[in-house]
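Report on the structure
Listed below are the residues making up each chain.
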Amino acid sequence: MGFWGFRLPAEKRDHFIITTMIVATAALSYYAMATGYGQVNVDFPTNGLDLEKAKVVTRPIFYARYIDWSITTPLLLLDVLLMAKLPLSSTAWAIYADLAMVITGLIGGLVGDSWRWGWFALGCFFMIAIFVSLFVDGAKAVAKRDNSLSSFYNSTVLGLVILWTAYPIVWAFGEGTNQISSDVEVYLYAILDVLAKVGWGGFILYHNERLTASYSKGIGRSDAETGLLQD
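Just so it is clear, the model here is predicted, and its values are computed rather than measured.

1. Let's talk about the nonpolar core
- Val80, Met101, Ile130, Leu134, Tyr153, Trp164 and Tyr167 are the most contacted members of the largest nonpolar core, which has 45 residues in total.
- Contributions of two or more residues to this core are made by helix H2 (14-34), helix H3 (63-84), helix H4 (88-110), helix H5 (116-145), helix H6 (147-176) and helix H7 (182-206).
- Tallying contributions element by element places H6 first for this core, with 11 residues.

2. Structural notes on H2
- The terminal C-alpha atoms of H2 lie 30 Å apart, and with 21 residues this matches the ideal 30 Å at 1.5 Å per residue to within 8%.
- Buried residues of H2: His15, Phe16, Ile17, Ile18, Thr19, Ile22, Thr25, Ala26, Ser29 and Met33, and no others.
- At the exit of H2 stands Gly36, carrying a positive phi of roughly 90°.

3. Some remarks on the UniProt feature "transmembrane region" (unreviewed entry) in the protein chain
- Summarizing the sequence annotation, UniProt attributes the feature "transmembrane region" (unreviewed entry) to residues 16-40, 117-136, 157-174 and 186-206 in the numbering used throughout.
- Between the C-alpha atoms that bound residues 117-136 there is a distance of 28 Å. The span itself is 100% helix and 0% strand.

4. Notes on the pattern of salt bridges
- Per the stated rule, a full pass over the model turns up four salt bridges.
- For the salt bridge of Asp68 with Lys197, the shortest nitrogen-to-oxygen distance reads 3.0 Å. Taken together, the positions of Asp68 in helix H3 and Lys197 in helix H7 put the pair 129 residues apart, joining distant regions of the chain.
- Residue Asp68 is classed as buried on the basis of its relative accessible area, which comes to 2%.

5. A look at the environment of Phe131
- Inspection of the secondary structure assignment puts Phe131 in helix H5.
- Residue Phe131 is classed as buried on the basis of its relative accessible area of 15%.
- Those residues in contact with Phe131 that sit more than four places away from it in its chain are Val136, Val161, Trp164 and Thr165.

6. Examining empty space enclosed by the protein
- Here the structure, examined in full by the defined rule, presents one cavity of 30 Å³ or more.
- Lining of the largest cavity is provided by 19 residues; of these, Trp69, Met101, Met127, Tyr167 and Pro168 occupy positions nearest its centre.
- Among the elements of the structure, H3, H4, H5, H6 and H7 are those that each provide at least two residues to the lining of the largest cavity.
- Residue composition of the lining of the largest cavity, by class: 14 nonpolar, three polar and two charged.

What counts and how
- Residues numbered from 1 in each chain as written.
- Predicted model: local features only at pLDDT ≥ 70, side-chain atom pairs only at ≥ 80, totals over all residues.
- Heavy atoms only, no water.
- Core = buried A, V, L, I, M, F, W, Y, C linked by side-chain atoms within 4.5 Å.
- Buried < 20%, exposed > 50% of the residue type's maximum accessible area, 1.4 Å probe, protein only.
- Helix = DSSP H or I, 4+ residues; strand = E, 2+ residues; numbered from the N terminus.
- Expected span 1.5 Å × (residues − 1).
- UniProt positions renumbered as here; feature names shortened; annotations may be inferred.
- Salt bridge = Lys/Arg side-chain N within 4 Å of Asp/Glu carboxyl O.
- Contact = heavy atoms within 4.5 Å.
- 1 Å grid on protein atoms, 1.4 Å probe; cavity = no way out; pocket = protein on both sides within 12 Å on 5 of 7 lines; lining within 4 Å.
- Points joined across faces, edges and corners; volume = space filled by probe spheres on them.
- Nonpolar A, V, L, I, M, F, W, Y, C, P; charged D, E, K, R; others polar.

Here you go:
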């Protein structure tokens, strides 16, 4: 995929190269976890009214997954925001919120007491901030530049948001409450990762010709640039 992408004209490479980096990073992460690395054991106290029956269990926290997400989810956002052509400050804010979401999730997983839910709430706050950037700022930017691309952008963002919303649900039942085993957690995250990275990335690549055609018509140019070109 990456080799093919580098052979394309420069204006058609972006989505291929980004998707290649996403998939390659995820593959490294899962290789680390499959070989027994990239994890740390955390004491997880069980909750209950009978203190005599309460016990502490040990649960593995796969920090390799969070390293993966700190690289791949900003790239996923960048892949989407390339369509919107947001200003640099807006793009930087979305990526910052994404990194903050991943880091708060990691800290919450490593915290062995009820304070984990504070970190979880912070992570959800940053996730909402990302969704606002995508649905509000990004949608407005696309609509101003090309109405024909607006519906495609909105459906793409909606699919990504639905997938991303499932992650904190898995976190809550896994690292949050220990209601599901770490093995089940790995399977669920693996399914979501395949859909959000390989599946969603493939969807973008399938429409790559349409996207690059829209870019060539002037998407992303500022009003001043467009005026200069018309002059």
